[in-house]
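What follows is each chain in one-letter form.
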Amino acid sequence: MADTKREIERKYESGDSGLPDLTGVPGVESVVERGVTHLDATYYDTTDERLAAASLTLRRRTGGSDAGWHLKFPVAPGVRDEIHAPLSDTLPESLARLVRSRVRDTELKPVVRLRSDRDLRHLLDADRRLLAEISVDTVRAERLTGHGGTARWTEIEVELADDGDPAFLDKVGKRLRKAGIRPSKAASKLARALAETAPPAGLPEEAAPAPAPAPAAAPKRKHRSRPVGKPVNAGDHVLAYVRAQRDALVDLDPAVRQDVPDSVHRMRVATRRLRSTFRSFRSVLDRETTDPIGVDLKWLAAELGLDRDQEVLAERLTSALGELPDTLVLGPVRERLASWSEAGHRGAHSEVTAILDSRRYLSLLDTLDTLLADPPLRKKAARHPGKVLAKAVSEDLAKVADLVTRALDLPPGHDRDVAVHEARKKSKRARYAAEAAAPALKGPAKDLVKNMKTLQSLLGDHQDSVMARQTLRELSAVAHASGESAFTYGLLHGHEERRAEIVEADLPETWKRIKDSTAF
């Protein structure tokens, strides 16, 4: 079983004169010696150091009070989430899954060994409460791959106590700097070890760490993209957006596995953005390559939607139920709704994590890597982004206009519900296309993003009402079969009908404002 801890720390170069008197730090009443601990850590990564490139660290460490396997994810400068698993000879599956989106089928190997003598002190306040731990670490690093070398250094590490105020670390840092001790240039011990034990310049290529595996063979393109940098032509801008969404999928994978709030929604959005981009910019990227990827992206979005849709409905119905007076809540409605929500989420989350371990999902990530390494660019990709991207965005906007007009022409009922839902999906596509084009088209595209977001929110409320009414009918039938009153479910159903009517009444004026303020 793994557990997570938020680690907030600062690292400093060790001064020649050692640590200064820290009782002068505001709030520190005493400094307690905790003795010297010997730590022995082996860090694991792929041969091409994919984890290190993402500022992730995976280690097996003995010694100290937290011996075991540690996986650290960056949160912000000086802040990391450390996931701990018990000591074992092999990497626990609970941690292996959290790096699978980056590692995939590549083997994790020992890359660096760090042996440290840690001289630890506790900084305590007047009530003997722990404020922070400060240690002087004497480190010996050894690279375990290639012809790398060894390195030695001494550093000072200050780690904030659990639930401590990060401002306290600023006070300690001020005292250390006053004593001539400067912040470390390395973000972590591993980063420093990799830099200082790297193979010497001029080492034969076969002795150096192996490069990343080559992507699957792809046909040569006449119009290749430039190296990653500032976008210039239409292809650059589209690929920059695709790359950002690919990165989002990989980054969010561990959060989804850990059931972090909103992570499934964000991953689903990245999936939809990718699919929409491939469809909107077919004049830039060859659809013979992107259409099959779009099929897999649609599949992934649908699988993620099992959890997200359940979450949205549960929040909506729980909120509506909470607004009713107790006299109108007849029967165990709250309990039944809570049970439905919990059971649905538990089952959906289990299915989502299984999807993230599936061959189809991992192959999709590989395919996206291949596309970015050798993009299927068409002739228009090399052109100035202004006209190419603006035309694609305009075409998407025209489709939204057609669907909204059609929805408004239909009478209330099932057909209008379907038309409104289709307009909502196309408004998302237009929004994502405008997002991709915004760096090139500036103001007009940014305005369109805002307008489509407004429309999407309005139409989304309508679709949520449709789905909520369907769920209420199902819950009502179950309650009735159990001999319970269905009165409250009917009341909530009527409330949802009214919400949909309000959206339909607001839609014409909202759409008029959007059309009048859109420059495309």
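Residues numbered from 1 in each chain as written. Predicted model: local features only at pLDDT ≥ 70, side-chain atom pairs only at ≥ 80, totals over all residues. Heavy atoms only, no water.

This paragraph deals with the nonpolar core. Among the nonpolar cores identified, the biggest contains 67 residues, and Met267, Phe278, Phe281, Val284, Tyr361, Met452 and Leu455 are the most heavily contacted of them. Ranked by the residues each element gives to this core, the list is headed by helix α12 (residues 414–441), at eleven residues. Leaving out residues up to four positions away in the same chain, Tyr361 has contacts with Ser101, Leu249, Asp253, Met267, Trp299, Leu300, Ile355 and Leu356. If you look at the next biggest cluster of nonpolar residues, it comprises 18 residues, including Ile8, Leu22, Val79 and Leu169. (Core = buried A, V, L, I, M, F, W, Y, C linked by side-chain atoms within 4.5 Å. Buried < 20%, exposed > 50% of the residue type's maximum accessible area, 1.4 Å probe, protein only. Helix = DSSP H or I, 4+ residues; strand = E, 2+ residues; numbered from the N terminus. Contact = heavy atoms within 4.5 Å.)

Attention shifts here to a positive patch on the surface. A surface patch of positive charge is lined by Lys174, Arg177, Lys178 and Arg182. With respect to the helices, strands and loops of the structure, Arg182 is situated in the loop between α4 (167–178) and α5 (189–196). Taking relative accessible area as the criterion, Arg182 reaches 45% and is therefore assigned partly exposed. (Patch = residues over 30% accessible without salt bridge, like charges linked within 9 Å, V, L, I, M, F, W, Y side chains within 5 Å. Areas by Shrake-Rupley, 256 points an atom, 1.4 Å probe, with all protein chains shown as cover. Salt bridge = Lys/Arg side-chain N within 4 Å of Asp/Glu carboxyl O. Lys, Arg positive; Asp, Glu negative; His and termini not counted. Charge placed at Lys NZ, Arg CZ, Asp CG, Glu CD.)

All right, on to the packing of helix α13 (residues 443–481) against helix α14 (residues 487–517) then. Direction vectors running N to C along α13 and α14 enclose 165°, while the axes themselves pass 9 Å from each other. Considering the angle they form, α13 stands roughly antiparallel to α14. Judged by the twist between their axes, the crossing of α13 over α14 is left-handed. Class assignment for the residues of the contact of α13 with α14 results in 15 nonpolar, eight polar and seven charged. (Axes fitted to C-alpha atoms, helices over the stretch in contact; angles between N-to-C directions. Parallel < 35°, antiparallel > 145°, perpendicular 65-115°, else oblique. Left-handed = near helix turned anticlockwise from the far one by under 90°. Nonpolar A, V, L, I, M, F, W, Y, C, P; charged D, E, K, R; others polar.)

Our next topic: the sheet that holds strand β3 (residues 57–62). Strand order in this closed barrel of eight strands is β1-β5-β4-β3-β2-β6-β7-β8, and the pairing throughout is antiparallel. This sheet shows a mean twist of 35° between the axes of neighbouring strands, independent of strand direction. Bridge analysis of β3 against strand β4 (residues 68–76) gives five bridges, and the strand direction is antiparallel. Each bridged residue has a counterpart across the sheet, and for Leu58 the counterpart in β4 is Leu71. (Pairing = 2+ DSSP bridges.)

Moving on to the environment of Gly413. By the secondary structure assignment, Gly413 is in the loop between α11 (385–409) and α12. Given the relative accessible area of 31%, Gly413 is considered partly exposed. Sequence separation between Gly413 and Val256 is 157 residues; the distance between their C-alpha atoms is 36 Å.

Side-chain pairing between opposite charges can occur once the charged atoms of the two side chains come close. The final tally for this structure, using the stated rule, is 58 salt bridges. Among the ionic pairs, Glu9 bridges to Arg80, the shortest N-O distance being 3.3 Å. With Glu9 in strand β1 (residues 3–13) and Arg80 in strand β5 (residues 79–85), the pair connects residues that are 71 residues apart, well separated along the chain. Overall, Glu9 belongs to the buried group, its relative accessible area being 7%. Classification of Arg80 as buried rests on a relative accessible area of 13%. Between Arg287 and Asp291 there is a salt bridge, with its nearest N and O atoms 2.8 Å apart. Pair noted here: Arg287 and Asp291 are both in helix α8 (residues 287–322), with a separation of four residues, about one helical turn. Residue class for Arg287 comes out partly exposed when judged on its relative accessible area of 40%. Here Asp291 falls in the partly exposed class, since its relative accessible area comes to 28%. Salt bridges here are not isolated pairs; linked through shared partners, they connect Glu7, Glu9, Lys11, Arg59, Lys72, Arg80, Glu82, Arg118, Asp137, Glu155, Glu157 and Lys189.

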